[in-house]
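Topology and contacts: notes
Below are the chains, spelled out letter by letter.
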Amino acid sequence: MATPLLSVVIPVYNEEDLIDTLVTRCSAALSAISADFEIICVDDGSRDQTLARLLAARTTEPRLKVLVLSRNFGHQAAYTAGLHAAQGEYVAMMDGDLQDPPEILPRMWELLRHDAHDVVYGHRTDRAEGWGRQLLIKGFHALFQNFSKLQEADNVGNFSMMNRRALTAFLSLQEKNRYLPGLRSFIGFRQASVAYSRAARPDGSVPKMSYKRLFALALDALFSFSDLPIKVCLYTGIFGILVFMLAGMYVLGSKIMGVALIGWSSLGLSLYFLGSIQLVFLGIMGEYVFRIYRENQNRPLYFVQHYYNE
Ligand code: UDP
Ligand code: MG
């Protein structure tokens, strides 16, 4: 099998209603680049008709391939699975809910061709999502930019395209706690961005990434790309010592001046405060230990049930 020019990797999880539009729009957009492409939809353990729809779409679009995972592994793992399967000289990553418009792919390709850049990522100028979700995402990006020491542009996600050279570097990063936009920024090479506005989900359905999962992803990002959690512990500890010294001087001064000190309630409160802060910090340390443990277990990120690629 000859290697295609371009592979587009799309994770899908319970997206049955979007599959037909997704494949049609994607094929149409890619035809502007070349007829020589493959679309790899990674079915991340969907429980609805997603797989059936994908297989049906394969009859009209033979360049569509379907990688079925053995269960739901989460979309960062699904992307990684698809990237491993991708054969193309160039490889794109795109969400399957049409929030990343496939029509942007030709613009990304223009920046990559003739070896002009190695990585092109989508930069979201605005996003059509609930304000609560937007606010949280904005807050996360602000925090991440400040603490990650990565040259990551604000407001970038998975939507991107890269050449083989960059992909090889990207896939050589084998950590289990994966925040892909961070890893993509970490590899370096010549990167460029394309501005686009992030559409709402066309069917108005709820995102498949729950708040809980988004929060876990944000933690993955912060723990693997910054030392913020440790720094918070350290600085709080130092601040605590300063408070202790001031209070100590006050107590000592009062003793010398012969002023009687009463204050069982302040004593009780500060004991309670210190106790709970220590528990929180123990939790943060525990999180690090757990992450080290998980890396050590070295379990595969995903298992493949079947790859429909013929
Ligand atoms: N997705 C997935 N596995 C999951 C959750 C989501 O493959 O466990 C897919 C989903 O079908 C979509 C993409 O990943 O194509 C992004 O998910 P979503 O739209 O829920 O996330 P958000 O847009 O909020 O980042
Ligand atoms: Mg989405």
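Preceding this paragraph is the structure being described.
Here the structure is a predicted model, which means the values were calculated and not measured.

By size, the foremost hydrophobic cluster in this structure holds 38 residues, and its most contacted members are Val42, Leu69, Leu83, Phe144 and Phe170. Elements that contribute at least two residues to this core include exactly strand E2 (37–43), strand E3 (64–69), helix H3 (75–85), strand E4 (90–93), helix H5 (131–147), helix H6 (164–171), helix H7 (180–186) and helix H8 (211–225). Examining the composition of this core, we find that six residues originate from one element, H3, more than from any other. If we ignore the near neighbours within four places in the chain, the residues touching Leu69 are Val42, Asp43, Asp44, Gly45, Ala78, Ala81, Tyr302, Phe303, Val304 and Gln305. The next biggest cluster of nonpolar side chains, apart from the first, holds 34 residues, and it includes Ile10, Phe37, Met94 and Met161.

With the rule as written, the count across this model stands at five aromatic pairs. Judged by centre distance (6.4 Å) and plane angle (70 degrees), the rings of Tyr179 and Phe225 are edge-to-face. Taken together, the positions of Tyr179 in the loop between H6 and H7 and Phe225 in helix H8 put the pair 46 residues apart, joining distant regions of the chain. Overall, Tyr179 belongs to the buried group, its relative accessible area being 4%. Using a relative accessible area of 11% as the deciding quantity, one classes Phe225 as buried. Taking 4.9 Å as the distance between ring centres and 65 degrees as the angle between the ring planes, the aromatic pair formed by Phe223 and Tyr288 counts as edge-to-face. One end of the pair, Phe223, is in helix H8; the other, Tyr288, is in helix H10 (residues 264–297), with 65 residues separating them in the sequence. Each member of the pair, Phe223 together with Tyr288, is buried.

Right, let's talk about the coordination of the magnesium ion (ligand 2) for a bit. Every protein donor of the magnesium ion (ligand 2) is listed here as Asp97 (OD) and Gln99 (OE1), and their distances to the metal cover 1.9 Å. Pair check on accessibility: Asp97 and Gln99 agree, each one buried.

Time to look at the site of ligand 1. Near ligand 1 you find 19 residues, and of these Asp44, Asp97, Lys208, Met209 and Arg213 are the closest. Within the backbone of Tyr13, one N or O atom sits 2.9 Å away from an oxygen atom of ligand 1. Within the side chain of Glu15, a nitrogen or oxygen atom sits 2.6 Å from an oxygen atom of ligand 1. In isolation ligand 1 has 530 Å² of accessible area, and contact with the protein removes 96% of it. Its residues placed into classes, the shell around ligand 1 shows five nonpolar, five polar and nine charged.

This part is about the side chain of Gln76. Along the polypeptide, Gln76 turns up in helix H3. Sequence-distant contacts of Gln76, defined by excluding residues within four places in its chain, comprise Asn158, Arg178, Tyr179, Leu180, Pro181 and Leu217.

Here the focus is unusual backbone geometry. Both trends apply: most residues other than glycine have a negative phi, and most peptide bonds are in trans. Positive phi outside glycine occurs at His114, with the angle close to 55 degrees. Relative to the helices and strands, His114 is located in the loop between helix H4 (105–112) and strand E5 (119–127).

What follows is about the packing of H3 against H6. The N-to-C vectors of H3 and H6 enclose an angle of 130 degrees; their axes lie 11 Å apart at closest approach. Taken together, H3 and H6 sit at an angle that is classed as oblique. The handedness of the crossing between H3 and H6 is left-handed. Residues Thr80, Leu83 and His84 of H3 form the contact with H6, whose own contacting residues are Leu167, Phe170 and Leu171. Taken together, the residues of the contact of H3 with H6 break down into four nonpolar, two polar and no charged.

This paragraph deals with the environment of Asp48. Position of Asp48 relative to the elements: it lies in the loop between E2 and helix H2 (50–60). You can call Asp48 partly exposed: its relative accessible area is 22%. For Asp48 and Asn14, which are 34 residues apart along the polypeptide, the C-alpha to C-alpha distance reads 5.6 Å. Every residue in contact with Asp48, bar those within four places of it in the chain, is listed here: Asn14, Glu15 and Glu16. Within the structure, the side chain of Asp48 is placed 3.3 Å from the backbone nitrogen of Glu16, a separation counted as a polar contact. Within the structure, the side chain of Asp48 is placed 2.6 Å from the side chain of Thr50, a separation counted as a polar contact.

About the criteria used
Residues numbered from 1 in each chain as written. Chains lettered and ligands numbered in written order. Predicted model: local features only at pLDDT ≥ 70, side-chain atom pairs only at ≥ 80, totals over all residues. Heavy atoms only, no water. Core = buried A, V, L, I, M, F, W, Y, C linked by side-chain atoms within 4.5 Å. Buried < 20%, exposed > 50% of the residue type's maximum accessible area, 1.4 Å probe, protein only. Helix = DSSP H or I, 4+ residues; strand = E, 2+ residues; numbered from the N terminus. Contact = heavy atoms within 4.5 Å. Phe/Tyr/Trp six-rings, centres within 6.5 Å; stacked < 30°, edge-to-face > 60°. Donors = N, O, S within 2.8 Å, 3.2 Å for Na, K, Ca; no water. Near = heavy atom within 4 Å. Polar contact = N/O pair within 3.5 Å; in protein donor to acceptor, adjacent residues only side chain to side chain. Areas by Shrake-Rupley, 256 points an atom, 1.4 Å probe, with all protein chains shown as cover. Nonpolar A, V, L, I, M, F, W, Y, C, P; charged D, E, K, R; others polar. Axes fitted to C-alpha atoms, helices over the stretch in contact; angles between N-to-C directions. Parallel < 35°, antiparallel > 145°, perpendicular 65-115°, else oblique. Left-handed = near helix turned anticlockwise from the far one by under 90°.

Read these as geometric descriptors, not functional statements.
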